[in-house]
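# Reading the structure
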Amino acid sequence: MSQSIALITGASSGLGQEYVRQLSRDPKVQEIWAIARRKDRLEALSTLAACPVRAIPLDLTRQESLDTLRDLLAQEQPVVTRLVCAAGFGKMGNIAAVDPGDNLAMIDLNCWAAVGVTGLCLPYLTRGSRVLEICSTAAFQPMPGLGVYAATKAFLHSYAKTLHHELLPKGIHVTAVCPYWVKDTEFIPLAQEGKAGQFHHFPLASRSKSVVSLSLAASAVNLWVATPGIVCTLHRVAAKFIPHCLMVPLMELFRRL
């Protein structure tokens, strides 16, 4: 009988690590496949998980890593009951101030890798499986200071909503998770490099534990977009009714405070 697994990318830290912690207690999960680049951190996940964790060190921006994952899935033939694409990163600053290589790397990891991993897992999803694509509240509008990052998350947000519609008849839940700043992760320190146009304040920032628990609850009831917090929920509503030509200057003002 095929093993029921949760496959989590970006599992070595931040939200990915918290998904490992919480999904390890899910009765539908027999084993977690934890994917990230840092093998030592992946191996340490067994100390916080309530079920076995398989450490799979891969750089998902490389085609050979996706080939390795494809072969592993074909060999093991698991049932992917939970898929969380949490691998991603951002760089703050005006687009021209961010290194061009970093801009391309954001596209590779936030978009290309997420779509690649999801596509590989599709044949192993079944009725009752849940897919969470970790987007951002930045997906709701163009974002000065996070221009390329916001664009990658807008792509993933649109992709996840389309996938939700297409997989709905099969009883598979797909949710785009769009949190606000999450302060107890590595995202903010790694995104800040003193470039022109970055953010300096992160009022009412969320914590990973609440973001993960709220997003899992949203996935359970098959919401196609989860805004796990008051700020991202208000932002989502505002972005629906206020034109982007006004939202962008407002965000420019906010980041300068």
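These remarks concern the structure in this document. Please read all numbers here as calculations on a predicted model, not as lab measurements. (Residues numbered from 1 in each chain as written. Predicted model: local features only at pLDDT ≥ 70, side-chain atom pairs only at ≥ 80, totals over all residues. Heavy atoms only, no water.)

## What about the sheet that holds strand β5 (residues 130-134)?
Reading across the sheet, the seven strands line up as β3-β2-β1-β4-β5-β6-β7 and stay open at both edges, with parallel pairing between neighbours. If you trace the sheet from one side to the other, it starts and ends with β3 (53-57) and β7 (225-226), each paired once. As paired elements, strand β4 (residues 79-85) and β5 share four bridges and run parallel to each other. By the bridge assignment, Arg82 is partnered in β5 with Arg130. Helix α4 (residues 100-121) rests against β1 (4-9), β4 and β5 of the sheet, and its axis sits at about 175° to β4. (Pairing = 2+ DSSP bridges. Helix = DSSP H or I, 4+ residues; strand = E, 2+ residues; numbered from the N terminus. Contact = heavy atoms within 4.5 Å. Axes fitted to C-alpha atoms, helices over the stretch in contact; angles between N-to-C directions.)

## Observations concerning a nonpolar patch on the surface
Together, Val237, Phe241, Ile242, Leu246 and Leu250 make up a nonpolar patch on the protein surface, roughly 490 Å² of accessible area in all. Looking at the nonpolar patch, the elements with two or more residues in it are α8 (230-241) and α9 (244-256). Tracing the backbone shows Phe241 in helix α8. Residue classification places Phe241 among the exposed residues on the basis of a relative accessible area of 69%. (Patch = residues over 30% accessible without salt bridge, like charges linked within 9 Å, V, L, I, M, F, W, Y side chains within 5 Å. Areas by Shrake-Rupley, 256 points an atom, 1.4 Å probe, with all protein chains shown as cover. Salt bridge = Lys/Arg side-chain N within 4 Å of Asp/Glu carboxyl O. Buried < 20%, exposed > 50% of the residue type's maximum accessible area, 1.4 Å probe, protein only.)

## A few points about the side chain of Glu18
Along the polypeptide, Glu18 turns up in helix α1 (residues 14-23). Overall, Glu18 belongs to the buried group, its relative accessible area being 8%. Looking at Glu18, its side chain comes within polar contact range of the side chain of Gln22, at 2.8 Å. What Glu18 contacts, discounting residues up to four positions off in sequence, is Ser208, Lys209 and Val212. (Polar contact = N/O pair within 3.5 Å; in protein donor to acceptor, adjacent residues only side chain to side chain.)

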